[in-house]
Amino acid sequence: MSNMSWIDALADLKQRGEPCVLVTIVEEQGSTPRNAGAKMVVERERLHDTIGGGHLEFKALQIAREMLEKRSQAARLERFALGASLGQCCGGATVLLFEPLGQPQARIALFGAGHVGRALAPLLAGLPCRLRWIDSREEEFPDPLPAGVEQVVNDEVLEEVGRMPAGSYFIVMTHDHQLDLQLAEAILKRNDFAYFGLIGSKSKRARFEHRLHERGLAAETVQRMRCPLGLPEVKGKLPLEIAISIAGEVIATYNARFGEESQGGESIARLLPASRRTPA
């Protein structure tokens, strides 16, 4: 068990984008180890705070970690009699509420902090996703950054491709066409992404396709690259107009693939809560 309180643990886990289960005593009857309202936070490897210890807490820990393993998203109530079956002699009963929180979110890597990148980052940051914004030019990033965005300044931008997990979204719009090509090659060689969009015209796509084929990439793999990227219905050349088009395509791509799994076996993360999703 950590020394962190449940409320501090929730804040820390939210910042890191890690899932957990919040366990709360919602009802107490008779003698119980702790009163209603007591909480603990369960993550895969650690436990924060306590609902009283003993076999009750052990059983609650088992249920919470089972929910994490199954990626449960629905809350559940469980009633426990604090008697011989739990090895506790309080003689009362308690009802626990198990609430899964912070389920895995879409991971997005945005390469490029130019005009369109600066317009796009706040839009993506407003979605329930984890955004890594990557460029070699620290001075190009706005100050302050949009809330929740991880700024990555790295002279070796290509290194960041390998640091993203399977099922990630990649968006490439750097200041350098050669770097765009190198990033495209690295991303396509992984071929385990949920989405890869490259900014540019149809002629840029044709040039890149030719060069990527020369570098040994199969035609069906290259076809996964979205270029030009963005919803064609959203017209305009202003950075914000382009950014809105791209953000819309990211969401549309995700919704079209809802329920599928990536090549790594990981479920594609939600960008929208179920309550806002349009039924098929």
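Rules behind the numbers
Residues numbered from 1 in each chain as written. Predicted model: local features only at pLDDT ≥ 70, side-chain atom pairs only at ≥ 80, totals over all residues. Heavy atoms only, no water. Helix = DSSP H or I, 4+ residues; strand = E, 2+ residues; numbered from the N terminus. Buried < 20%, exposed > 50% of the residue type's maximum accessible area, 1.4 Å probe, protein only. Contact = heavy atoms within 4.5 Å. 1 Å grid on protein atoms, 1.4 Å probe; cavity = no way out; pocket = protein on both sides within 12 Å on 5 of 7 lines; lining within 4 Å. Points joined across faces, edges and corners; volume = space filled by probe spheres on them. Nonpolar A, V, L, I, M, F, W, Y, C, P; charged D, E, K, R; others polar. Core = buried A, V, L, I, M, F, W, Y, C linked by side-chain atoms within 4.5 Å. Axes fitted to C-alpha atoms, helices over the stretch in contact; angles between N-to-C directions. Parallel < 35°, antiparallel > 145°, perpendicular 65-115°, else oblique. Left-handed = near helix turned anticlockwise from the far one by under 90°. Phe/Tyr/Trp six-rings, centres within 6.5 Å; stacked < 30°, edge-to-face > 60°. Expected span 1.5 Å × (residues − 1). Arc of directions from axis to C-beta.

The name given to the chain in an unreviewed UniProt entry is Xanthine dehydrogenase accessory protein, and the organism recorded there is Azotobacter chroococcum NCIMB 8003.

Let us look at the overall build of the chain. Looking only at helices and strands, the chain has 7 helices and 10 strands in total. The buried share among the 280 residues of the chain stands at 44%. Taking the contacts inside the chain whose residues are at least 6 apart along the sequence as the reference set, 56% of them involve residues at least 24 apart.

In this model, the second largest pocket occupies a volume close to 220 Å³. For the second largest pocket, the full set of lining residues is Arg226, Pro228, Leu229, Gly230, Leu231, Pro232, Val234, Lys235, Gly236, Ile242 and Ser245. Of the residues belonging to the lining of the second largest pocket, the class tally is 6 nonpolar, 3 polar and 2 charged.

Take the nonpolar core next. Judged by nonpolar contacts, the single largest core of 26 residues is most densely connected at Ile108, Leu110, Leu120, Leu124, Tyr169 and Ile171. Contributions of two or more residues to this core are made by strand S6 (106–111), helix H3 (115–125), strand S7 (129–135), strand S9 (169–172) and helix H7 (239–256). Residues within four places of Leu124 in sequence aside, it is in contact with Ile108, Cys129, Leu131, Ile171 and Ala247. Counting residues in each nonpolar core, the second largest holds 24 residues, with Met164, Val172, Leu217 and Cys227 among its members.

Glancing now at the packing of helix H4 (residues 177–190) against helix H5 (residues 202–214). At their nearest, the axes of H4 and H5 sit 11 Å apart, and the two run at 55° to each other. Relative to H5, the element H4 is oriented oblique. H5 is crossed by H4, and the crossing has right-handed handedness. Of H5, the residues touching H4 (which contributes His177, Asp180, Leu181, Ala184, Glu185 and Leu188) are Lys204, Arg207, Phe208, Arg211 and Leu212. Taken together, the residues that form the contact of H4 with H5 break down as 5 nonpolar, 1 polar and 5 charged.

A complete count under the given rule lists 3 aromatic pairs for this structure. Relative to Phe141, the ring of Trp133 has its centre 5.1 Å away and its plane inclined at 80°; by these criteria the two rings are edge-to-face. For Trp133, a relative accessible area of 0% translates into the label buried. Taken together, a centroid distance of 6.0 Å and an interplanar angle of 75° make the contact between Phe193 and Phe196 edge-to-face. Take Phe193: its relative accessible area is 3%, and that puts it in the buried class. For Phe196, a relative accessible area of 1% puts it in the buried group.

This brings us to H5. With 13 residues, H5 ought to run about 18 Å at 1.5 Å a step, and its terminal C-alpha atoms sit 19 Å apart, in line with that. Among all positions in H5, only Lys204, Arg205, Phe208, Glu209 and Leu212 are buried. For H5, the angular spread of the buried residues around the axis is 135°, confining them to a single face. Taken together, the buried residues of H5 touch H4, strand S10 (195–198) and helix H6 (219–222). Count one or two residues on from H5 and you reach Gly216, which has phi positive near 95°.

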